[in-house]
Amino acid sequence: HNMADASEKNDTLTDYEAELYDRGIRLWGVDAQKRLRNAKILLIGFKSLNAEICKNLVLAGVNSVTIMDDGVVAEEDLGAHIFLTHEHLGQNRAKAAIPFVKALNPLVTVDHSERNPNDAVSQSTSTPEASSLRSFIIGHHIICATGCSFAVLSALDTMCSSAGVY
């Protein structure tokens, strides 16, 4: 899944995209903006750090962002999380944030998964569920994992490295 091979959208920016992403184009150029526009990002864990990363990626104009988090919104999330409010307490973090993330940029596809990344690296890696989760994860170009144990991060690194995912 090399970023250079990512070409789901055509190779030309629309006038609307050129206007919307004008600042980014001036900073890093049209070719980089085209590559960004084709990038499929997976954010594993959706506490404050990945929420901020998500905001920046969506505003920059990536193709898609998938937020993967099996946790629920707790009081501690509200102090530093830009997408969550008291009304989200007890809801899945990823699902609760989706409408707010989508509102940032209508050109970016935003999705969520309530899967647990530990399932992809469990000892029973031959189960259909673990295999399905691994396929889901490596279906992205870039993965940003936060709040994971070292064992999960190490397994994700091995899995992604062998699949050409960054």
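Whatever comes next refers back to the structure up there.
1. Topic: the overall build of the protein
Step number 1: Counting its secondary structure elements, the protein contains eight helices and four strands.
Step number 2: What you see in the protein, going N to C, is helices and strands ordered as α-α-α-β-α-β-α-α-β-α-β-α.
Step number 3: Relative to its 166 residues, the protein shows a buried fraction of 41%.
Step number 4: Once local pairs closer than 6 in sequence are excluded, the contacts in the protein between residues at least 24 apart make up 62%.

2. Focus on the pattern of salt bridges
Step number 1: Scanning all chains against the criterion turns up six salt bridges.
Step number 2: Of the charged contacts in the structure, one is a salt bridge between aspartate 77 and lysine 47, with a shortest N-O distance of 4.0 Å. Here aspartate 77 is found in helix H5 (residues 75-78), whereas its partner lysine 47 is found in the loop between strand S1 (40-44) and helix H4 (48-60), with 30 residues between them in sequence.
Step number 3: The shortest N-O distance in the salt bridge between lysine 55 and glutamate 52 comes to 2.7 Å. A residue pair is termed a helical-turn pair when its members lie 3 or 4 positions apart in one helix, as lysine 55 and glutamate 52 do in helix H4 at three residues.
Step number 4: Each of the salt bridges in this network shares a partner with another, and the network as a whole consists of Lys47, Asp69, Glu76, Asp77 and Arg93.

3. What to know about helix H8 (residues 150-163)
Step number 1: With 14 residues, H8 extends 20 Å from end C-alpha to end C-alpha; this agrees with the ideal 20 Å at 1.5 Å per step.
Step number 2: Inspection of H8 places Val152, Leu156, Met159 and Cys160 among the buried residues, and these make up the whole buried set. Along the long axis of H8, the arc covered by the buried residues comes to 90°, so they all point the same way. Turned more than 90 degrees away from the buried face of H8, the exposed residues are Phe150, Ala151, Asp157, Thr158 and Ser162.

4. Considerations on the side chain of serine 113
Step number 1: In this structure, serine 113 sits in strand S3 (residues 109-113).
Step number 2: Here the side chain of serine 113 touches arginine 115 through a polar contact of 3.2 Å, landing on its backbone nitrogen.
Step number 3: Once you skip the residues sitting within four places of it in the chain, serine 113 turns out to touch Ile67, Met68, Asp69, Ala94 and Phe136.

5. Focus: the packing of aromatic side chains
Step number 1: Considering all chains together, one arrives at one aromatic pair under this definition.
Step number 2: Consider the rings of phenylalanine 46 and phenylalanine 83, whose centres lie 6.1 Å apart with planes at 10°: the pair is stacked. Residue phenylalanine 46 is found in the loop between S1 and H4, and its partner phenylalanine 83 is found in the loop between H5 and helix H6 (93-104); the two are separated by 37 residues along the sequence.
Step number 3: Lying across the ring of phenylalanine 136, arginine 115 places its NZ or CZ 5.3 Å from the centre.

6. Description of the state of the cysteines
Step number 1: Scanning all chains against the criterion turns up zero disulfides.
Step number 2: Cysteine 148 supplies the cysteine sulfur nearest to cysteine 144, a cysteine that is in no disulfide, at a spacing of 9.5 Å.
Step number 3: Residue classification places cysteine 144 among the partly exposed residues on the basis of a relative accessible area of 21%.

7. Some details on the pairing of S1
Step number 1: Burial within S1 is extensive, with four of its five residues counted as buried.
Step number 2: Note that S1 and strand S2 (residues 64-68) share five bridges and pair parallel. Pairing of isoleucine 44 across the sheet is with methionine 68, part of S2.
Step number 3: What joins S1 to S2 is H4, and the crossover it makes is right-handed.

Cut-offs used in this document
- Residues numbered from 1 in each chain as written.
- Predicted model: local features only at pLDDT ≥ 70, side-chain atom pairs only at ≥ 80, totals over all residues.
- Heavy atoms only, no water.
- Helix = DSSP H or I, 4+ residues; strand = E, 2+ residues; numbered from the N terminus.
- Buried < 20%, exposed > 50% of the residue type's maximum accessible area, 1.4 Å probe, protein only.
- Contact = heavy atoms within 4.5 Å.
- Salt bridge = Lys/Arg side-chain N within 4 Å of Asp/Glu carboxyl O.
- Expected span 1.5 Å × (residues − 1).
- Arc of directions from axis to C-beta.
- Polar contact = N/O pair within 3.5 Å; in protein donor to acceptor, adjacent residues only side chain to side chain.
- Phe/Tyr/Trp six-rings, centres within 6.5 Å; stacked < 30°, edge-to-face > 60°.
- Lys NZ or Arg CZ within 6 Å of the ring centre and 35° of its normal.
- Disulfide = S-S within 2.5 Å.
- Pairing = 2+ DSSP bridges.
- Right-handed = clockwise from strand over helix to strand, strands pointing away.

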